[in-house]
Amino acid sequence: MKKILFIFLTFIFLYPVMAQQSRGKSLGDYVNINKKGQDFIFHTTQGTARVTIFSPTLFKISVWENREHNLPSYAVVASPQKVKFTYRENKNNFLIITDSLTLQISKFPLRFTFLTSAGKIINQDDKLGTFWLDNKIFTFKHLFPQEIFTGLGEKTGSLNRRGSAYTNWNTDNPHYQNWSDPLYSTIPFYMGRHDGLQYGIFVDNTTKSVFNFGAGNNRLSYFCAEDDQIDYYFFYHHTPAGILKEYSSLTGRINMPPLWGLGFQQCRWSYTPDKEVMEIATAFRDKQIPLDVIYLDIAYMDDYKVFTWNPKAFPTPRKLIGDLKAMGLHTMVIIDPGIKVEKGYRVYDDGVKQNCFIKYPDGSNYSGQVWPGWCNFPDFTNPKVRLWWGKQFQSLVDMGVTGFWNDMNEIAVWGKNVPPVIQMDWEGIGVSYLKGKNVFGMQMARATFEGTKMLMKNRRPLVLTRAGYAGLQRYTAIWTGDNQATDEHMFLGIRLINSFGLSGVPFAGYDVGGFGGDATPALYARWVSLGAFSPFFRAHSSINTRRSEPWSYGDFTQELAKHYIELRYHLLPYIYAAFYQASQTGMPVQRSLSISYASDKKIFDSRFENQYMFGQSLLIIPAKSTQKIVNAYLPKGKWYLFYNDKQFEGSTNILIPCPLNKLPVFVKAGAIIPVQKLIQYTGENPGDTLEIHVYQGKNGSRFVYYEDDGNTYNYQKGDFYIRDILYDNKNKKIVMEKPSGKYVSEFKMFRFILHGFNDKIKAIRVNGKSIDFQTNPKHLFLKEYQKPKASILTISLPNRSEKITINW
């Protein structure tokens, strides 16, 4: 009887707790507040919230249930600015007001609403607010009727995320398709737009998370994490570009990449033995197809052990790398995280001795099976391990290797699962794999970058990763993993790179031609034409598939591929300037139209969502390999067809031919596009003349031209050449401001090419003096691509350090 009574009383006592857990609980009602400077802590009946003012347009919100976790962030590098603000309180609300943004915090219950200075609601909590349920924390947001969502990094699906939900859990997904999720990397940042208002939210939680943008309901959007604390940053600006600028300031911007990293790159799983590597390199040079980088996949290693060489296939690696360097080629090698468990293998023995590997709670090293067999894995969240890892590259750097490709770093193991109890250091604090998994790849890339940068003594390494987390752009480029040789994957790759750009990662690319499967000649040709207008330009293919060198598809396809690879090299001054802009503002190189044309609903149409801007002035219209005509949408303004200067008015869609040798490319009216003569690799002399193409347009434009040595970090000490070029159509002039920086330009002459001005210019003056100009000259760098229907004008001028003003 006593036992029955005990069970009954226990049930009566525990039932309310169990019921509450099953129903969940919200943040609750306000109890009290602690204020210190720009930091506000709100205690509630069921949790705690912290608000921190980072800038007039950026607030951080943290909510926790029992105890605040102050883990250092691997994403955030900025600190709060000193901000002028007003704090007010009344019976029902708190108000924190900057000159740009108002945060209204209701007391009963505690909920957050962000408003403009004019009182318009930008973003607000749903009535549910922040909510704990089943060991997860949710933040529910009101869903506005016409709200649009973009970004979230490497996510499949449509440009507009509305109606979709996504999981962030870095996953080796070798057969992903148009709606597969999750993929290899996690960037929990998105932008929302409604009623002309634009905002961004970055959720800095590294555990598995879910973002729901109205999937399955019409009431709310939400983000949740498998945690008891949520940390998110709220951005407000009038434009997506403004939000990206502040987001990239928060999480860091790219360093200038090595110039050779922007050239064409050739890869296969695997080029082996060394004789084949040289045959590939020699064929590129003999066929005069530009190339800067050749890759060595896993077959170069001894039994797949990292930091080793296969003694039979690559007996003299130093000579091989030196021979490639003599041809103007950089060598990039794959380095996976798994260290083979093998006594006598130097890297393994030293890793054990230095206590470098992730562990089970009982202190034993975790082993997972990958290419070499059973492997241990370095704990890249430990600063001592990152330093140890960086030193392992010494022999590769000494041999002349300059590129480092980090793969399999989700962590990928046979069997797909790593035990969640695995322990990681996290800067000495200690976390489980559930919190550390999503940052493992990013921290591996960080260790690779920091180590090779130190070893290369002021020269820039190129690091490429498959997995990553927000902030990865500070260390590495990224590619979209194991894509397939289909038109659908070609288009999906475009959207993935666009989404990376919308998420603060400007240096990204896909495997041209498709990694898996066999591309047709037409598909390969089309893919190369698109790859020429992508930030990271690499062809790659898998073992047991058709080879993807340009000549592998026959003479016709080889010529088409060569044609567009050469165009890429002509455009390098324009592309390098776009990377400089990315390093200063976070503006991506490959830009979704939602950045500059966010209010235009047509850009979200499934027929046009793959279109993008390459740099600030080139509009790329993707077409499938089988298409002969494509339906294109031209945003507001005037546009020139790149190949013949035919002019089109914007805000309209048109049908345009798209033969394989003419990917539809349009130039924005008012554009300024610098180009150079053809070179076979970026280390070759580009000649003494820089061509600057200017396209007549009502609004004119500004272009920041940038040069440095392309190889060292001397630019960080002022050794650069920056020159503003202004086209002022209203006042009929082009102005080149005085250059800044200590670097001396490679170019001794400027040749201005004026498109669309033929009936508007009768005489030209430079700094007040009349000069001669030419009409339709024959010797231009882009003569193989551009056959203007109307006359073009050219002006040749010496490159002087004085301000240059061209009037007409």
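Remember, predicted model here, so these are calculated numbers, not experimental data.

A. Expanded view of the nonpolar core. Ranked by internal contacts, the top residues of the largest apolar core, which has 213 residues, are F202, W389, F533, L618, F666 and F752. When near neighbours in sequence (up to four residues on either side) are disregarded, W389 contacts F307, I335, D336, P337, I339, P378, F380, M444, A447 and T448. Grouped together as the second largest cluster of nonpolar side chains are 40 residues, V51, F94, I96 and F223 included.

B. Fine view of the confidence of the model for the chain. In the predicted model, the chain carries a mean pLDDT of 96, and 97% of its residues have values of at least 70. Confidence drops under pLDDT 50 across residues 5-20; counting only partners more than four residues distant or on other chains, this segment forms two contacts.

C. The arrangement of the packing of helix 11 (residues 555-570) against helix 12 (residues 572-585) in detail. Contact geometry for helix 11 and helix 12: axes closest at 5 Å, N-to-C directions at 60°. Taken together, the axes of helix 11 and helix 12 are oblique relative to one another. Only L572, P573 and I575 of helix 12 make contact with helix 11, whose side of the interface consists of R568, Y569 and H570. Of the residues belonging to the contact of helix 11 with helix 12, the class tally is four nonpolar, one polar and one charged.

D. Broad picture of the sheet that holds strand 16 (residues 197-203). Reading across the sheet, the eight strands line up as 2-3-4-5-19-16-15-12 and stay open at both edges, with antiparallel pairing between neighbours. Of all strands in the sheet, those with a lone pairing partner are strand 2 (30-36) and strand 12 (148-151), marking the two edges. Within this sheet the neighbouring strands show an average axis-to-axis angle of 20°, counted without direction. As defined by bridge partners, strand 3 (residues 39-44) adjoins strand 4 (residues 48-55) across five bridges and the pair is classed as antiparallel. Bridge pairing in strand 4 links F40 to V51. Helix 2 (residues 240-251) rests against strand 4, strand 5 (58-64), strand 15 (189-194), strand 16 and strand 19 (229-237) of the sheet, and its axis sits at about 135° to strand 19.

E. Structural detail: the sheet that holds strand 47 (residues 749-755). If you trace the five strands from one edge of the open sheet to the other, you get 42-43-47-51-50, paired in mixed fashion. Because the sheet does not close on itself, it has two edges, and the strands there are strand 42 (672-675) and strand 50 (774-775). Of the pairings in the sheet, the one linking strand 42 to strand 43 (residues 689-695) comprises four bridges and is antiparallel in character. Bridging from a neighbouring strand, I672 pairs with V694 of strand 43.

F. How the structure looks around the pattern of salt bridges. Considering all chains together, one arrives at 28 salt bridges under this definition. With a closest N to O distance of 2.2 Å, R50 and D39 form a salt bridge. Linking R50 in strand 4 with D39 in strand 3, this pair joins segments that are 11 residues apart in sequence. Residue R50 shares its accessibility class with D39, and that shared class is buried.

G. Geometry of the packing of aromatic side chains. Using the criterion set out here, one finds 68 aromatic pairs in the structure. Arranged with centres 6.2 Å apart and planes meeting at 80°, the rings of Y176 and Y184 form a pair that is edge-to-face. Take Y176 and Y184: they sit in the same class, and that class is buried. When the centroid spacing of 5.5 Å and the interplanar angle of 85° are considered together, the rings of F648 and F666 count as edge-to-face. Of this pair, F648 sits in strand 39 (residues 647-649) while F666 sits in strand 41 (residues 665-668); the two residues are 18 residues apart in sequence, bridging distant segments of the chain. For the pair shown, F648 and F666 are each scored as buried. Put simply, the rings of F59, F114, F149, Y190, Y199, F211, F213, F223, Y232 and F234 touch in pairs and so form one group of aromatic residues. Between the NZ or CZ atom of K25 and the centre of the ring of W132, over which it lies, the distance is 5.9 Å. In this arrangement the basic side chain of R538 is found over the ring face of W479, its NZ or CZ atom lying 5.1 Å from the centre.

H. Layout of the packing of helix 9 (residues 487-501) against helix 10 (residues 521-531). Contact pair helix 9 / helix 10: the axes reach a minimum separation of 11 Å and the direction vectors enclose 10°. Between helix 9 and helix 10, the interaxial angle falls into the category roughly parallel. Of the residues in helix 10, those in contact with D487, H489, M490 and I494 of helix 9 are L523, R526, W527 and L530. Its residues assigned to classes, the contact of helix 9 with helix 10 shows five nonpolar, one polar and two charged.

What counts as what
- Residues numbered from 1 in each chain as written.
- Predicted model: local features only at pLDDT ≥ 70, side-chain atom pairs only at ≥ 80, totals over all residues.
- Heavy atoms only, no water.
- Core = buried A, V, L, I, M, F, W, Y, C linked by side-chain atoms within 4.5 Å.
- Buried < 20%, exposed > 50% of the residue type's maximum accessible area, 1.4 Å probe, protein only.
- Contact = heavy atoms within 4.5 Å.
- pLDDT = per-residue confidence, 0-100.
- Axes fitted to C-alpha atoms, helices over the stretch in contact; angles between N-to-C directions.
- Helix = DSSP H or I, 4+ residues; strand = E, 2+ residues; numbered from the N terminus.
- Parallel < 35°, antiparallel > 145°, perpendicular 65-115°, else oblique.
- Nonpolar A, V, L, I, M, F, W, Y, C, P; charged D, E, K, R; others polar.
- Pairing = 2+ DSSP bridges.
- Salt bridge = Lys/Arg side-chain N within 4 Å of Asp/Glu carboxyl O.
- Phe/Tyr/Trp six-rings, centres within 6.5 Å; stacked < 30°, edge-to-face > 60°.
- Lys NZ or Arg CZ within 6 Å of the ring centre and 35° of its normal.

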